[in-house]
Each structure stands twice: as C-alpha cells, then as structure tokens.
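Structural characterization, general
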Amino acid sequence: MASPGIDTEQEPLLGDRTPGSREWDIIETEEHYKSRWISIRILYLTMFFSSVGFSIVIMSIWPYLQKIDQTADASFLGWVIASFSLGQMVASPVFGLWSNYRPRKEPLIVSIFISVMANCLYAYVHVPASHNKYYMLVARGLVGFGAGNVAVVRSYIAGATSLQERISSMANTSACQALGFILGPVFQTCFALIGEKGVTWDAIKLQINMYTAPVLLGAFLGVLNIILILTLLREHRVDDSGRQCKNVNFEEASTDEVQFPQGNIDQVAVLATNVLFFVVLFIFALFETIVTPLTMDMYAWTREQAVLYDGIILAALGVEAILIFMGVKLLSKKIGERAILLGGLIVVWVGFFILLPWGNQFPKIQWEELHNNSIPNTTFGEIIITLWKSPREDRNEGPTGCPIEQAWCFYTPMIHLAQFLIAAMLIGVGYPSCNVTSYTLYSKVLGPKPQGVYMGWLTASGSAARILGPVFISQVYTSWGPRWAFSLVCGIVVLTIMLLGVVYRRLVPFSVRHGRIQE
C-alpha cells in the first residue's frame, strides 16, 4: 500500500477508488499497483543518474582536454560539447523503436552499458600516444548515445500511468533530471580536492584524479542502475483509465486485460508538440550559453567572478525549476496542461523582453588589446571556454568589460544587474513549466499505444535544440549584440504562442479525442 508521503505522486489513481474497494480490485490489484510504482521510481532514478553522468564532468572538460592533447583548440571543444547531443539525437529514435517491440529492459540495459563503457573510455583518453582529443570526442558522443534512453524512460512512464497520474509522474521525472544537473557540478567540485595528479593504479594504467574520478563515479552509478533494472523493473502498461493493457512488453499478460483502443493519432498535434518542445529547449539552451559572456561584458566581471556568480545563478534556477515542477503537479489539476504551457511561454517572453537594453548607461569598454576574457568572435567552442578555464591558470585576469571587437558595445545600453536577475527568474519559471507540460501533452495525445518511436523523435528534437541554440545566440550576440539577439528570441516566442493558439484545441488526450473519456 502506498505511504501517505507519496500520495501527491500517485493521486488520484483511478478517480475516488481506494485500495481494498471492489472497484479497485477489478481494475488493478494492490500487488500490481506496488510493482507498477516501484518500476516507475526506478526510472526516476535512471533519469537522475543519467543527468548526473552528464553534468558531473561539464566543468572540467576544457582543462582535461588541454592536458591530454595540446593540439586541441576552442573549435574542437565545441565539437566535444555538441557530440553528447548529437549522440542522443541519433540514439533516441533507435531505442524508442526497440522499446516498442521488445521488453523495455533490453534498450535500457544496453544504453546504460554503453554509457558505462564510454565513461571508462573517458578515464583512459590520456593513455594513447596521440589523437587523444578524438578519443574524448568518441567517449562523449557514446555517453550521449547512451542517454538516448530518455525516450524509453518517458515512453515507459507515459504507458504505465493513467491520464490523472501522468502530469505528476512527468513532473517527478523532470525534477529528478533537474536535481541531477544541479548535483553533478557539486560532485565535480568535491572531486577537485583530489587535484590534477591524484593517484595512479599502475597495473591497469588508471589515473584517478579530479578529471577521471567523476566519470568513474558515473560508471559506478550506471552499474548500480543496471542491477536495479534487472531486479526491480517490471513491464507495465495501462490505458488512460488505469486498466492493464496487453502488449509485447508485458511479461505476464492475462486474458482479461483490455486491448489497445482503436483510432488514429492526431499527427498535426504530434508535429506541433515536437515544434513546441524544440523551441522550449532551444530558448533555454541559448540562455544558458549566453549568461557568462553577457555578464562579463555588461558588468566587467573577471573570469573567476563570472564562473562563481553565474554558477550560483544557474544553481538557483535549478532549485527554482524543481519547485516549479512540483507546483505544476497541483496547478494542472485546476487549469490543465495547455493553459500552463501557454502561461509559461508568456512568462518566458516577458523575461526576454525585460532583457532588452534600455536607458542611457553603457557598459564599460575593454580598450586594451589584450587577451579577451569576454565572448570571442570565432567559434562556439570559444564561448564555452570561460566556463572551464581555471582561475589558477592566470592570476592576471587582464582587461574586463565589453571588448572593442564587438562594435555594438559603443552604442548599446547596458543591461542592469537587477534587470538581468528579474529576467533570469522569470525564464526560470517559464522554462520548467513549458518543459514538463509539453511532453505530458505529447504523451496524452499519443494515447495508450506504444510511444517509443514518438518519444524518440521528441527527445531528438530536444537534442537538436541544444545544439542549435548555442550556435544561434553566439553568432547573433557577437555580431549584433543583446538588443537584436533578445528581440529575435522574443519574436520566436511570439510565433510559438501563435502556433500553440492554432493547435490549442487539438492538444487533447487520445481517449478524449475519440470520445472514450470526457475532458
């Protein structure tokens, strides 16, 4: 029986039915109920481990890349960062298709095993005599390929929950993912105490230092995850009302299980939701990318100050996101996911509108033609460098402010700190609201049929957004400045709101569309 502490996660299960009642026993036994939610929680943990595995090395990639291969430059760093999303984009439809026709344990275990092996490869990229940077590129790409199991996780949770349980489950999934992204850099900071030299296990040529210890922890978490999936995960699928459905994944299908309902999926709604999800992740990816260059240009922060202060800001946004995910669970019961998605987009638009430069005060100009600690003008990889470079590398931070190479610095008003913080807070409210409601709506539109392939395409669209968002903002910001950059973002959000308005009535659950359940 479920404990009172987790009622918010599982409530309402099937209307007003409670365990022990005759209606409950007909639709779902208590044993099935417990097994179903244990399996769902295992997948919450899978999302957490996956996001920790990604973020635990994100702050150390650049110094590690420089250490193992002196030929690596900033442009190659861009490829290393993008390789994770590229790998995930390729793998998501593959694992999704696999999960439609085979037990979902299979793609989950294989994908996690790939990630474990990729993390081990990352720990050994210093061993080869040459081309070390390409081994790192392959390692990060394979970690991303393994992360394609996000499509399987979302597909499983969508298929194992009723309509009434869906938003809570999806919100919990996003909260676990966000918590992993927050705690990953914290673990990395702890491992920094080991130092660059660390210890060496000569027998297997393994160096355990501040760069390799995080990925070894990621590999350990992956092995633990595989054990939990093998021992505790069971195949479950229910229809929109919560009744068990027969499907190829089900290990012990009984004769009284209901079949899949007949009816066509609304492909217009499916395509529109993919576009909405792409824009939501595109916008937040570009915001994360531009935070450090923007604050260094506007407030003349040194590299050390930018890493510290922006790290605090992004961590605060992560905590805010978890609170928003929990709030969405409650609010959706009153106004529905479509209204929350619309409201979230409006809040994001207001946030970027506030970011537009106003007034007569201009940023400090970086006159000296020395090493530019702000946003360079060449590659996406160079933009990311400020997040990785250790302040110990150069105690002389050099000139600060808006570099003269960016002509817009001379005529674009500065964005005040209070203005930036308010905008960041609003974007931090709008993004998680749009994120969880968009793929919750997506899963409801698809209905109780296997969703693996569709969830694969949704995950792939998100991966593409995380690749294109930073490239877009780096080019526009460098060439034309924040006024043009954020104006274009505001325009994109307006177009997205218009798209949502056009398809608003189509974004309804499969069973509602076909008249089996009233909305």
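Going by an unreviewed UniProt entry, the protein carries the name Major facilitator superfamily domain-containing protein 8 isoform X1 and comes from Acinonyx jubatus. What UniProt records for the protein under Subcellular location (unreviewed entry) is the sentence "Endomembrane system".

1. Observations regarding empty space enclosed by the protein
The tally for this structure, following the rule as stated, stands at three cavities of 30 Å³ or more. Of the pockets and cavities examined, the largest cavity occupies roughly 210 Å³. Along its surface, the largest cavity is lined by 18 residues, and Phe49, Ser50, Gly53, Ile112 and Ser115 are the ones closest to its centre. Of all the elements, helix α3 (residues 30-55) adds the most residues to the lining of the largest cavity, at five residues.

2. Regarding a nonpolar patch on the surface
Nonpolar side chains collect at one region of the surface, where Leu308, Tyr309 and Ile312 lie side by side and expose about 290 Å² of accessible area between them. Looking at where Tyr309 falls in the secondary structure, it is placed in helix α12 (residues 303-335). The exposure class assigned to Tyr309 is partly exposed, which follows from its relative accessible area of 34%.

3. A short note on the environment of Leu86
Tracing the chain through its elements places Leu86 in helix α5 (residues 74-101). In sequence terms Leu86 and Ile467 are 381 residues apart; their C-alpha atoms lie 7.7 Å from each other.

4. Comments concerning the pattern of salt bridges
Under the counting rule described, the total for this entry stands at five salt bridges. Between Glu165 and Arg36 there is a salt bridge, with the nearest N and O atoms lying 3.0 Å from each other. Residue Glu165 is found in helix α9 (residues 163-191), and its partner Arg36 is found in helix α3; the two are separated by 129 residues along the sequence. Of the two residues examined, Glu165 and Arg36, each falls in the buried class. Taking the shortest distance from any N to any O, the salt bridge between Arg102 and Glu106 comes out at 2.6 Å. On the basis of relative accessible area, Arg102 is assigned to the partly exposed category, the value being 42%. Overall, Glu106 belongs to the partly exposed group, its relative accessible area being 25%.

5. A closer look at the packing of aromatic side chains
Overall, the coordinates contain 19 aromatic pairs when judged by the stated rule. Each ring, one from Phe284 and one from Tyr431, has its centre 4.1 Å from the other, and the planes form 10°; the classification is stacked. Taken as a pair, Phe284 in helix α11 (residues 267-299) and Tyr431 in helix α15 (residues 417-446) lie far apart in primary sequence, 147 residues in all. Neither Phe284 nor Tyr431 differs from the other in exposure class; each is buried.

What counts as what
- Residues numbered from 1 in each chain as written.
- Predicted model: local features only at pLDDT ≥ 70, side-chain atom pairs only at ≥ 80, totals over all residues.
- Heavy atoms only, no water.
- UniProt positions renumbered as here; feature names shortened; annotations may be inferred.
- 1 Å grid on protein atoms, 1.4 Å probe; cavity = no way out; pocket = protein on both sides within 12 Å on 5 of 7 lines; lining within 4 Å.
- Points joined across faces, edges and corners; volume = space filled by probe spheres on them.
- Helix = DSSP H or I, 4+ residues; strand = E, 2+ residues; numbered from the N terminus.
- Patch = residues over 30% accessible without salt bridge, like charges linked within 9 Å, V, L, I, M, F, W, Y side chains within 5 Å.
- Areas by Shrake-Rupley, 256 points an atom, 1.4 Å probe, with all protein chains shown as cover.
- Salt bridge = Lys/Arg side-chain N within 4 Å of Asp/Glu carboxyl O.
- Buried < 20%, exposed > 50% of the residue type's maximum accessible area, 1.4 Å probe, protein only.
- Phe/Tyr/Trp six-rings, centres within 6.5 Å; stacked < 30°, edge-to-face > 60°.

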